[in-house]
Amino acid sequence: MALPTREHILSAAARLYAEHGFRGTTTRAIAESAGVNEVTLFRLFGSKETLIIEAMRVHGVPVHVGTLPEVPLDPAKELTSWATQTSTVLLSMRSMIVQAMSDAEHHPEMPKCVARGADAAFDAIHSYLDRVREHGFIPTDAETHNAGGMLISSLFHDAMSREVMPQFFPPIADAPATYARLCLRALQYDPSKSAAQRRAS
């Protein structure tokens, strides 16, 4: 049987934090779950807060969720696929994100760790929408920055709030495609326009 490693400790800390939050996650519980003693935790990380922040940084929302093509060919299909992947990741990380948000007042570094994933997702979608514009799928004055922000916000709000306010959201199976479609509609995307028409415009 392999000996516990730093990764085992971080994984255990992230899992327990998602279940119990900062106050409810004890170093004793982390040590027991990781198969080490508490002395090892403090020797490696110095404090409980440092350990949990590192666990959040490593096991929080992934920075790279899905890929978007360098050359857009079918924005509706590509954006729907990306939104579906992003939604799946957000739902899988919901407990950790909620805990981080609730701990923000006393431990402001917690939500910052989670926000790394959101920042990366926004950069990816904004860059992609700019490419969609450059390839003539949407008007040259299309507000890609704002549309990308609305898409990210919709996916995040859905993942965090659907359980509390289900009546405000489309059916869960349709939600990513719905948000992607609305994003492209806001950008005046015209799927019927041919490549020749786009080049001409």
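Only a predicted model underlies this, so the values are computations on that prediction, with no experimental measurement involved.

Asker: Got a minute to help me understand the overall build of the protein chain in this structure?
Answerer: The number of helices and strands found in the protein chain is 10 helices and 0 strands. Listed N to C, the secondary structure of the protein chain is α-α-α-α-α-α-α-α-α-α in terms of helices and strands. Counting all 201 residues of the protein chain, 41% fall into the buried class. Taking contacts inside the protein chain between residues at least 6 apart in sequence as the whole, the part at least 24 apart equals 69%. Counting only carbon and sulfur atoms, one obtains 56% of the accessible surface of the protein chain, whose full area is about 11,100 Å².

Asker: What exactly am I supposed to notice about the nonpolar core here?
Answerer: One broad trend across soluble globular proteins is that nonpolar side chains are buried collectively. Grouped together as the largest cluster of nonpolar side chains are 54 residues, with contacts concentrated most on Y17, L51, M56, L79, W82, I125 and L151. Setting aside residues up to four positions removed in sequence, L151 forms contacts with L79, W82, I125, Y179, A180 and C183.

Asker: Got a minute to help me understand the packing of helix 3 (residues 38-45) against helix 4 (residues 48-59) in this structure?
Answerer: In contact at an axis separation of 9 Å, helix 3 and helix 4 are set at 75° when each is read in the N-to-C sense. Judged on the interaxial angle alone, helix 4 and helix 3 are roughly perpendicular. For the pair helix 3 and helix 4, contact is made by L41, F42 and F45 and by K48, T50, L51 and E54, respectively. Across the contact of helix 3 with helix 4, the residue classes break down as 4 nonpolar, 1 polar and 2 charged.

Asker: Where do I start with the environment of E70 in this structure?
Answerer: Structurally, E70 can be placed in the loop between helix 4 and helix 5 (75-92). A relative accessible area of 59% means that E70 is categorised as exposed. When the C-alpha atoms of E70 and G24 are compared, they prove to be 44 Å apart, with 46 residues separating the residues in sequence. E70 has contacts with R131 and H135, leaving out every residue within four places of it along the chain.

Analysis parameters
- Residues numbered from 1 in each chain as written.
- Predicted model: local features only at pLDDT ≥ 70, side-chain atom pairs only at ≥ 80, totals over all residues.
- Heavy atoms only, no water.
- Helix = DSSP H or I, 4+ residues; strand = E, 2+ residues; numbered from the N terminus.
- Buried < 20%, exposed > 50% of the residue type's maximum accessible area, 1.4 Å probe, protein only.
- Contact = heavy atoms within 4.5 Å.
- Areas by Shrake-Rupley, 256 points an atom, 1.4 Å probe, with all protein chains shown as cover.
- Core = buried A, V, L, I, M, F, W, Y, C linked by side-chain atoms within 4.5 Å.
- Axes fitted to C-alpha atoms, helices over the stretch in contact; angles between N-to-C directions.
- Parallel < 35°, antiparallel > 145°, perpendicular 65-115°, else oblique.
- Nonpolar A, V, L, I, M, F, W, Y, C, P; charged D, E, K, R; others polar.

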